[in-house]
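The primary structure of each chain is shown beneath.
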Amino acid sequence: MKNIFIYIVLLWSGFVFAQNEQLANNYYEKGDFEKAKLIYEELLKGSPSNTQYFLRTVDCYQQLQMYDVAEKTIQDRYNKYKQGIFLVELGYNFQLQKNDSKAKSYYEQAIDKIKTSPNDVYGIGNSFEKKVLLEYAVKAYQTGMQVQPNYNFNFQIGMLYGQLGKTDLMIDMLLTESYQNPQNANLIQTQLSRFMNGETDNTAFKDAMRKALILKTQKDQDIFWNHYLSWFYVQQKEFGKAFIQEKAIYKREPESLISIVNLSQFAINEDDTDTAEEILNFILLNTKDLDLLVESNARLMQIKIDKAQEKDYPAITNELQQLLTTYEITPFTLSLQLIQAHFLAFNLKKTEEAKAIVKKALELNLNAYQQADAKMELADILLLEEKFNQALIYYSQIQLDLKNDVMVYEASLKAAKTSYFKTDFEWALTQFKALKSANTQLIANDALEYFLLINDNKAADSTQTALKQFAKGDFLIYQNKKPEAIAQFQSILKAYKGQEIEAVTMLRLGKIYESLKDYNSALSQYQQIIDHHSDGIYVDEALFFSAEIYNDELHDTEKAKPLYEKIIFNHQDSIYFVDARKKYRELRGDKNL
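Residues numbered from 1 in each chain as written. Predicted model: local features only at pLDDT ≥ 70, side-chain atom pairs only at ≥ 80, totals over all residues. Heavy atoms only, no water.

## A look at the overall build of the protein chain
- Across its full length, the protein chain carries 32 helices and zero strands.
- Summarising its shape, the C-alpha atoms of the protein chain cover approximately 90 × 65 × 65 Å along the three principal directions.
- Taking all 593 residues of the protein chain together, the buried fraction comes to 47%.
- For the protein chain, contacts bridging at least 24 residues in sequence account for 50% of all contacts bridging at least 6.
- Accessible area of the protein chain: about 30,900 Å², with a carbon and sulfur share of 51%.
- Taken as two groups, the 67 positive and 80 negative side-chain charges of the protein chain have centres that lie 3 Å from each other. (Helix = DSSP H or I, 4+ residues; strand = E, 2+ residues; numbered from the N terminus. Buried < 20%, exposed > 50% of the residue type's maximum accessible area, 1.4 Å probe, protein only. Contact = heavy atoms within 4.5 Å. Areas by Shrake-Rupley, 256 points an atom, 1.4 Å probe, with all protein chains shown as cover. Lys, Arg positive; Asp, Glu negative; His and termini not counted. Charge placed at Lys NZ, Arg CZ, Asp CG, Glu CD.)

Written out as structure tokens, the structure reads:
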């Protein structure tokens, strides 16, 4: 019984102690240093070795300009523990009083302490960093490495150089550390990426990085530097230049094409299809691996189909058939089979032939992911045929078969769009709402777009007549019936002029015209959104898409620049903000193109 009582008392004491700490922290955060000081003093009495309580107590003294009390408290602490961090604290206490000579004296004593007690470098260096005494922090770490050569603070020193604006020293230090300790290369590259892609103007940093890496590859024949330069070019989305480095690497180490394969996917993801084609053709010339041959051909065919006009369809049909004759109908060629089926259905409108190909593929010995791929294609074709319920069955099967996989989100999004196409808006809205938090950003953004579309127009039109007409237009786009879709959206603009649905209808028309390379018509639609719906949710898209047309297609950078600028200054919450800022900086001359 006595032990139980003691246990209860200790438990209660710990609870009260934790409450007091939280209370002190709250006062401290609010700037009520008088009250915080009193509680921290009590906490320090109860736990005298707690450094956090000590530092907070001292900070409260300093905030209240009780410098003499702070000095005595720090000096007593140093006399007791002899730790170098307290010399830094003493120096900082004098710095706050504008007594720079005494502050410097204590800082130098802290540095000297490292010479006799090397382990103190960790605390002293960190203390200098926290107080933004960056030059002293560098000196502390350098001293530690001089005293103990096995200590390594290259990373810390490099990052401090960056904060000090000493770009060249930072890059040299971090690149040297990467080379000497390759296990740290990923961490260092992450930090370098932050500097290259940060909020501030980073042109000088990128230029310095580029020059430093090029010099490294010229002076040192180690392919480590080719890898690093390739990584740099990928960060800049200069995939053609990255490919030059990867070819140089492969020429010397032809054991694996994995880096080049990955590079082709990066280029595809960023719509640099010209570079992607060049890379994929290189892979085909340099491999005998069946999987790699099939996947590279599949990616090439997809690029050709995406670029194709109707006059190209016969050649694509023959090429697909020739590839499947060469590599045969097996689980290994599933990607080619599904591309052929999709092309037949969506481009040639031969849905029965397409379904037959997919159903035949499903009879093969496929793994779970391959089955899901095939079912997804079959569902897409059934949806094309307006067989909504049958399509939903296959999308649902994928959701059940591959629980918690990324593919499930794709199937869920397609199921939600199917409900939307068949004008079951209540159910579609529920599904889109759930998908807004998907861990795949593209799917989350897509779901958010449709959620807002349905939600806003449901509120504006209780009969949902306009929304039904709009969903029909979207379905015509899905069916690759662009002329019919244009007519449908134009009829909506006439019937619902000035209503909620108007802006998004103009946006849809703009995107269709873009896909048809009718850039003037696209720009006209976007300009109407900018002029008449500037306070709506689609204006950032209209600005960005217009800027992209001027920049990438019409090469009129003077017209593109102010459009990007409007996004930067007026639409910071836009999903296009980061891209707009990057493009604007390029046009302004911030990037060495």
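## Describing the nonpolar core
- In terms of nonpolar packing, the biggest core is built from 91 residues, with Tyr-420, Phe-432, Leu-453, Ile-454, Phe-470 and Ile-501 touching the most fellow members.
- In terms of residue count, the dominant contributor to this core is helix α21 (residues 368-384) (nine residues).
- Grouped together as the second largest cluster of nonpolar side chains are 82 residues, Tyr-61, Leu-134, Tyr-250 and Ala-276 included. (Core = buried A, V, L, I, M, F, W, Y, C linked by side-chain atoms within 4.5 Å.)

## With respect to the environment of Tyr-564
- Summarising the element assignment, Tyr-564 is placed in helix α31 (residues 557-570).
- A polar side-chain atom of Tyr-564 sits 3.5 Å from a polar atom in the side chain of Asn-551. (Polar contact = N/O pair within 3.5 Å; in protein donor to acceptor, adjacent residues only side chain to side chain.)

## Comments concerning helix α7 (residues 121-130)
- Along α7, the residues classified as buried are Val-121, Ile-124, Gly-125, Ser-127 and Phe-128. Relative to the axis of α7, the buried residues are bounded by an arc of 160° and lie together on one face.
- Directly beyond the C-terminal end of α7, a positive phi value near 55° is found at Val-132. (Arc of directions from axis to C-beta.)

## Notes on the pattern of salt bridges
- For the structure shown, the criterion picks out 30 salt bridges.
- Among the ionic pairs, Lys-414 bridges to Asp-380, the shortest N-O distance being 2.8 Å. Separated by 34 residues along the polypeptide, Lys-414 in helix α23 (residues 406-421) and Asp-380 in helix α21 bring together distant segments of the chain.
- Classification of Lys-414 by relative accessible area gives partly exposed; the value is 21%.
- On the basis of relative accessible area, Asp-380 is assigned to the buried category, the value being 6%. (Salt bridge = Lys/Arg side-chain N within 4 Å of Asp/Glu carboxyl O.)

## A look at the confidence of the model for the protein chain
- In the predicted model, the protein chain carries a mean pLDDT of 92, and the fraction of residues at 70 or more is 95%.
- Across the protein chain, helix α20 (residues 351-362) holds the top mean pLDDT of 98, while helix α1 (residues 2-30) sits lowest at 63. (pLDDT = per-residue confidence, 0-100.)

## Notes on the packing of helix α29 (residues 519-532) against helix α30 (residues 539-553)
- Contact pair α29 / α30: the axes reach a minimum separation of 9 Å and the direction vectors enclose 150°. With respect to α30, the axis of α29 lies roughly antiparallel. Crossing geometry of α29 relative to α30 is assigned as left-handed. Contact residues: Tyr-519, Ala-522, Leu-523, Tyr-526, Ile-529 and Ile-530 in α29; Val-539, Ala-542, Leu-543, Phe-545, Ser-546, Ile-549, Tyr-550 and Glu-553 in α30.
- For the contact of α29 with α30, the per-class residue count stands at twelve nonpolar, one polar and one charged. (Axes fitted to C-alpha atoms, helices over the stretch in contact; angles between N-to-C directions. Parallel < 35°, antiparallel > 145°, perpendicular 65-115°, else oblique. Left-handed = near helix turned anticlockwise from the far one by under 90°. Nonpolar A, V, L, I, M, F, W, Y, C, P; charged D, E, K, R; others polar.)

## Here we look at the side chain of Gln-340
- Among the structural elements, Gln-340 can be located in helix α19 (residues 334-347).
- Apart from the residues lying within four places of it in its own chain, the contact partners of Gln-340 are Leu-320, Gln-321, Leu-324 and Ile-357.

## Section: helix α2 (residues 33-46)
- Helix length check: α2, at 14 residues, gives a terminal C-alpha distance of 20 Å against a target of 20 Å (1.5 Å per residue), a fit within 8%.
- Those residues of α2 not exposed but buried are Phe-33, Ala-36, Lys-37, Ile-39, Tyr-40, Leu-43 and Leu-44. (Expected span 1.5 Å × (residues − 1).)

## Quick notes on the packing of α30 against helix α32 (residues 577-588)
- Running from amino to carboxyl end, α30 crosses α32 at an angle of 35°, the nearest separation of the two axes being 12 Å. For the element pair α30 and α32, the recorded crossing hand is left-handed. Of α32, the residues touching α30 (which contributes Phe-544, Glu-548, Asn-551 and Asp-552) are Asp-579, Ala-580, Lys-583 and Leu-587.
- Taken together, the residues of the contact of α30 with α32 sort by class into three nonpolar, one polar and four charged.

## Some points on the environment of Ala-466
- Along the chain, Ala-466 falls in helix α26 (residues 465-478).
- In the structure, Ala-466 is positioned 36 residues away from Glu-502 in sequence and 9.7 Å away in space, judged by C-alpha atoms.

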